[in-house]
Amino acid sequence: MTRTNTPEPKPPQCEVCKGTGEVSRAVQVGRKRRTVGKQTGFCLNCLGSGEAPN
């Protein structure tokens, strides 16, 4: 008899980055802390993997 291969279930996505592994933060400059744009970086919750931590 042959075994059927069932694919492993996908791990749940990270809540913070929605599975992308990146998050955006506002960039502020000057003494009045004006917002001038956004900068992306890797998610600190899942460390950029996109999978929910246990």
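Here the structure is a predicted model, which means the values were calculated and not measured.

A. Main features of the pairing of strand S2 (residues 34-42). Summarising burial for S2: zero of the nine residues are buried, a small minority. Here eight bridges tie strand S1 (residues 22-29) to S2, and the two strands are oriented antiparallel to one another. By the bridge assignment, Ser-24 is partnered in S2 with Thr-40. Hairpin geometry of S1 and S2 is characterised by an intervening segment of four residues between the two adjacent antiparallel strands and by a positive phi of about 85° at Gly-30.

B. Summary view of a nonpolar patch on the surface. A cluster of nonpolar side chains, namely Phe-42, Leu-44 and Leu-47, defines an oily patch on the protein surface of about 380 Å² accessible area. Assignment of secondary structure puts Leu-44 in the segment after S2.

C. Quick peek at the environment of Lys-32. Of note, Lys-32 is situated in the loop between S1 and S2. When its relative accessible area of 72% is taken as the criterion, Lys-32 is described as exposed. With 19 residues separating them along the chain, Lys-32 and Gln-13 place their C-alpha atoms 37 Å apart.

D. The arrangement of the state of the cysteines in detail. One pass over the structure, following the stated rule, counts zero disulfides. Take Cys-17: it sits in no disulfide, and the sulfur closest to it among the cysteines is that of Cys-46, at 3.8 Å. For Cys-17, a relative accessible area of 4% translates into the label buried.

Rules used in this analysis
- Residues numbered from 1 in each chain as written.
- Predicted model: local features only at pLDDT ≥ 70, side-chain atom pairs only at ≥ 80, totals over all residues.
- Heavy atoms only, no water.
- Buried < 20%, exposed > 50% of the residue type's maximum accessible area, 1.4 Å probe, protein only.
- Helix = DSSP H or I, 4+ residues; strand = E, 2+ residues; numbered from the N terminus.
- Pairing = 2+ DSSP bridges.
- Patch = residues over 30% accessible without salt bridge, like charges linked within 9 Å, V, L, I, M, F, W, Y side chains within 5 Å.
- Areas by Shrake-Rupley, 256 points an atom, 1.4 Å probe, with all protein chains shown as cover.
- Salt bridge = Lys/Arg side-chain N within 4 Å of Asp/Glu carboxyl O.
- Disulfide = S-S within 2.5 Å.

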